[in-house]
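# Structural overview for review
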Amino acid sequence: MDFKLLGVGDVVGDPGMDRISRSLRYLKRRTGADFVIVNGENASVVGITPRQAEEILDAGADVITLGNHSFGKREIVPYLEDSDRILRPANLAPQAPGRGWGIYDSRAGAIAVVD
């Protein structure tokens, strides 16, 4: 069975958000991607807001990954606790907000994502 993963690296600022909003569903269809992971840690240039996370998910991402700027916008902290579709780095301290990995359904079956 074929499995196509589309990974989109580093959405940065308003231009990156605009491009994701306008193009991600098209790219997903064009590539036949079964699952889409988008790195969104710089959607606000340094960090991401809950509104931006929702926009990325609404645009067609299955999961958002973060990185060293995970907590650049403190308002993301409660969102990290509430949503299983946004991941902070797995190598952070266990008491850090959110989760570093998840298991998700895809057209090809279950997929594990570790950030």
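In this text, all values refer to a predicted model and were calculated from it rather than measured experimentally.

## Here we look at the sheet that holds strand 2 (residues 35-39)
Taken together, the four strands give an open sheet; going across it, the order is 1-2-3-4, and neighbouring strands pair in parallel fashion. For this open sheet the edge positions go to strand 1 (5-8) and strand 4 (86-87), each flanked by a neighbour on one side alone. Packed onto the sheet, helix 1 (residues 13-31) meets strand 1 and strand 2 and runs at close to 155 degrees relative to strand 1.

## Structural notes on the pairing of strand 1
The alternating pattern of strand 1 places Leu6 and Val8 on a buried face, while none of Leu5 and Gly7, on the opposite face, is buried. Of the pairings in the sheet, the one linking strand 1 to strand 2 comprises four bridges and is parallel in character. The partner of valine 8 across the bridge, within strand 2, is valine 38. Following the backbone out of strand 1, through helix 1 and into the adjacent parallel strand 2, one traces a crossover that is right-handed.

## Here we look at helix 1
Maximal helix bending in helix 1 amounts to about 50 degrees, located at serine 23. Those residues of helix 1 lying buried are Gly13, Gly16, Met17, Ile20, Ser23 and Leu24. Residues of helix 1 that are buried in the fold lie against strand 1, strand 2 and helix 2 (50-58).

Procedures and definitions
- Note on numbering: residues in each chain are counted from 1, in written sequence order.
- Local features in this predicted model are restricted to residues of pLDDT 70 or higher, and side-chain atom pairs are both shown and tallied only at a pLDDT of 80 or more, whereas totals for entire chains, interfaces and linings draw on every residue.
- Where side-chain values are given, they derive from all heavy atoms of the structure, hydrogens and water being excluded.
- For two strands to count as paired, DSSP must find a minimum of two bridges between them.
- Elements are defined by DSSP. Helices are runs of H or I of four residues or more, strands are runs of E of two residues or more, and each kind is numbered from the N terminus.
- Note on definitions: a residue-residue contact is assigned when non-hydrogen atoms from the two residues lie within 4.5 Å.
- Every angle, taken between N-to-C directions, lies between 0 and 180 degrees, and every axis is a line fitted to C-alpha atoms, over only the stretch in contact when it is a helix.
- The classification of residues rests on relative accessible area computed with a 1.4 Å probe and restricted to protein chains. Under 20% of the type maximum is buried, over 50% is exposed, and intermediate values are partly exposed.
- A clockwise path from the first strand over the helix to the second, with the strands pointing away from the viewer, defines a right-handed crossover.
- Bend is the name given here to the angle between axes fitted to two runs of seven residues, the run ending at a residue and the run starting at it.

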